[in-house]
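Observations on the model geometry
As a plain string of letters, each chain reads:
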Amino acid sequence: MEYFKINGGNKLNGSIRLHGAKNSVLPLLAASLLIKGESVIHNCPRLSDVDNTVKILRHLGAEVRREGSTLIVNTACVNKYDIPEVLMREMRSSIIFLGALLSVMKKARLSVPGGCEIGLRPIDLHIKGLRDLGYVIEFKDGNICASGENKGSNDIYLSYPSVGATENLILASVFLKGKTRIINAAREPEICDLCDYLTGAGAKVYGAGSTVIEIEGVNSLHETEHTVIPDRILASTLMCATAVTGGNVRLEGVKLGDLSPVLSAFCETGCKLYAGDRTLTVKAPKRIRSIKSIKTGPYPDFPTDSQAMFSAMLTVANGVSVINETVFENRFRHIRELERFGAEVTIHDRCAVIRGVKTLCGAKASCTDLRGGAAVVIAALAANGVSEINNIYHIDRGYECFETQLSRLGAAVTRIKDEKEKQGNKKTYTESERRVQSA
Ligand code: UD1
């Protein structure tokens, strides 16, 4: 089992380029099924979630090859419509293939995704929306079996602007006759990225980024080339890491508008922010101030995906901060891990009250989930002394070579692979170090 050894206290300094957004790449790869021939997608980070999505595409018959950070998907030989449980269970977001397969193969069979570390994660809105579009969906032996042929379009109302359901419904509507409207659609930047990709391939999708998305059916999509938007959640992670170490870091390749929900909260910490041409520089004070109140919600509210990293940052702020998590019911599991470093937090249902302490102490802690893992790393960067962070496979789902990125900024983070290396006997290169060296 790999783990991170972190010697805390180093100030982060320097520049770093953001990689492509994990939450965009996965739906884009699923959407490539709708495109006849080759799709070229630039700025695809090397993440285990991306690898798993590629495995699904290959299982379905697509050819996928990587050239640096570009993925090239050729769908000419796609001939399957089922996704086995072993591939589905790796990633809950693979439910996005349901809409894509219905569009292309007119049927789909995939196993029902379960809950995960952050909550129950039901898919009722996906199913209801697809049924409203006229697709037939049944549950058999733990599988979702769906079919539909030449169904007409419709108006679909989402009772909550679910990101995944919006993406599934867009994908399922691209080839439907007439106009489909998704009302109360999610407005996240990743939805806009998906719609840009589809329109670049000839789809007629209007209104992305607003609460009503309209799709006019077309007969086919053509080959296209697209660049994935920068990862706004990685940006907020690096901002929090800079803030807790009193650092000075310039983020490159930033889409400032996508960060606005985070920036308005972050300003309260007393960090200085300087915006440039697709850059954002964060200059942290010696000790940051608390943030009175953060409430997560659908975009443009504060992103639930940034909540864990903000809560880690606020454990060392001067004053009391309150975080209200409204999106997922079980997204404070990392708090117990932060307490190992000496953080003072009380949780009341979906509300965390964080009393900032002056210093954290190095500790042995675990990643509870992807963003919870990033939060624990942030605590370790802030702490005095050495920390050991386990279950880092969660982090590899969403951060490309996280330890290398942080080390370039001056952090003392090492990925340790085996017992020998733990004892400092021999330097062996990890998979992620090898990737960086060969990039
Ligand atoms: C969520 C985030 C998204 C983030 C992604 C990856 C929100 C609104 N969504 O998207 O920004 O990029 O995680 O971590 O912040 N729900 C239902 N029934 C459904 C679908 C969802 O009740 O069929 C509920 C969920 O339980 C949750 C809420 O709706 O409470 C938001 O879910 P949704 O937006 O679908 O989640 P993701 O697509 O995973």
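Structural data are supplied above this passage.
In what follows, the accompanying structure is described.

Rules of the game
Residues numbered from 1 in each chain as written. Predicted model: local features only at pLDDT ≥ 70, side-chain atom pairs only at ≥ 80, totals over all residues. Heavy atoms only, no water. Helix = DSSP H or I, 4+ residues; strand = E, 2+ residues; numbered from the N terminus. Rg over C-alpha atoms; globule rule 2.2 N^0.38 Å. Buried < 20%, exposed > 50% of the residue type's maximum accessible area, 1.4 Å probe, protein only. Contact = heavy atoms within 4.5 Å. Areas by Shrake-Rupley, 256 points an atom, 1.4 Å probe, with all protein chains shown as cover. Lys, Arg positive; Asp, Glu negative; His and termini not counted. Charge placed at Lys NZ, Arg CZ, Asp CG, Glu CD. Pairing = 2+ DSSP bridges. Axes fitted to C-alpha atoms, helices over the stretch in contact; angles between N-to-C directions. Polar contact = N/O pair within 3.5 Å; in protein donor to acceptor, adjacent residues only side chain to side chain. Salt bridge = Lys/Arg side-chain N within 4 Å of Asp/Glu carboxyl O. Expected span 1.5 Å × (residues − 1). Core = buried A, V, L, I, M, F, W, Y, C linked by side-chain atoms within 4.5 Å. Near = heavy atom within 4 Å. Nonpolar A, V, L, I, M, F, W, Y, C, P; charged D, E, K, R; others polar.

Focus: the overall build of the chain
Helix and strand counts for the chain stand at 16 helices and 24 strands. For 439 residues, the compact-globule formula gives about 22 Å, and the C-alpha radius of gyration of the chain, at 22 Å, lands near that figure. With the principal axes as the frame, the chain shows a C-alpha extent of 65 × 45 × 45 Å. Looking at the chain as a whole, 55% of its 439 residues are labelled buried. Intrachain contacts of the chain at a sequence separation of at least 6 include 73% that bridge at least 24 residues. Looking at the chain as shown, the accessible area adds up to about 17,500 Å², and 47% of this sits on carbon and sulfur atoms. For the chain, the distance from the average site of its 56 positive side-chain charges to the average site of its 48 negative ones is 3 Å.

Things to note about the sheet that holds strand E23 (residues 386-390)
Here 4 strands make up an open sheet; going across it, the order is E22-E23-E1-E24 and the pairing mixed. Pairing within the sheet leaves two strands with one partner each, and these edge strands are strand E22 (364-366) and strand E24 (412-416). In this sheet, neighbouring strand axes are inclined to one another by 25° on average, regardless of whether the strands run parallel or antiparallel. When E22 meets E23, the two strands line up parallel, connected through 3 bridges. Bridged to lysine 364 within E23 is glutamate 388. In this fold helix H12 (residues 370-382) packs onto strand E1 (3-7), E22, E23 and E24, with an angle of close to 30° to the strand it touches most, E1.

Re the side chain of histidine 126
Tracing the chain through its elements places histidine 126 in helix H5 (residues 124-132). Within the structure, histidine 126 has its side chain in polar contact with the backbone nitrogen of alanine 165 (distance 3.5 Å). At 3.0 Å, the side chain of histidine 126 forms a polar contact with the side chain of asparagine 168. In contact with histidine 126, other than residues within four places in its own chain, are Ile95, Ser162, Gly164, Ala165, Asn168 and Leu169.

Digging into the pattern of salt bridges
If you walk through the whole model with that rule in mind, you get 20 salt bridges. Taking the shortest distance from any N to any O, the salt bridge between arginine 232 and glutamate 190 comes out at 2.8 Å. Here glutamate 190 lies in helix H7 (residues 189-200) and arginine 232 lies in helix H8 (residues 232-244), a separation of 42 residues in the sequence. Accessibility assignment for this pair places arginine 232 and glutamate 190 in one class, buried. Taking the shortest distance from any N to any O, the salt bridge between glutamate 337 and arginine 340 comes out at 2.9 Å. Since its relative accessible area comes to 10%, glutamate 337 is described here as buried.

Description of helix H4 (residues 97-105)
Taking burial as the measure, the 9 residues of H4 include 7 buried ones, the bulk of the element. Where H4 is concerned, the buried positions are Phe97, Leu98, Gly99, Ala100, Leu101, Leu102 and Ser103. Of the residues one or two after H4, lysine 106 is the one with positive phi, at around 65°.

Focus: H7
For H7, spanning 12 residues, the distance from its first C-alpha to its last is 16 Å, which sits close to the expected 16 Å at 1.5 Å a residue. Those residues of H7 not exposed but buried are Pro189, Glu190, Ile191, Asp193, Leu194, Cys195, Tyr197 and Leu198.

A closer look at the nonpolar core
Grouped together as the largest cluster of nonpolar side chains are 72 residues, with contacts concentrated most on Phe310, Met313, Phe341 and Ile389. The leading source of residues in this core is H12, at 10 residues. Excluding residues within four positions of it along the chain, methionine 313 makes contact with Cys240, Ala243, Val244, Phe266, Thr269, Ile288, Ile291 and Ile378. Judged by nonpolar contacts, the second largest core, of 71 residues, contains Ile41, Ile56, Met91 and Ala201.

Re the site of the ligand
The environment of the ligand is formed by 17 residues, the closest being Arg121, Leu125, Ser162, Gly164 and Val327. At 2.9 Å from an oxygen atom of the ligand is found a side-chain nitrogen or oxygen belonging to asparagine 23. In the environment of the ligand, an oxygen atom lies 2.5 Å from a nitrogen or oxygen atom belonging to the side chain of arginine 121. Contact with the protein chains covers 84% of the free accessible surface of the ligand, which is 710 Å². Contributions of two or more residues to the shell around the ligand are made by H5, helix H6 (163-173) and helix H10 (304-314). Its residues assigned to classes, the shell around the ligand shows 8 nonpolar, 5 polar and 4 charged.

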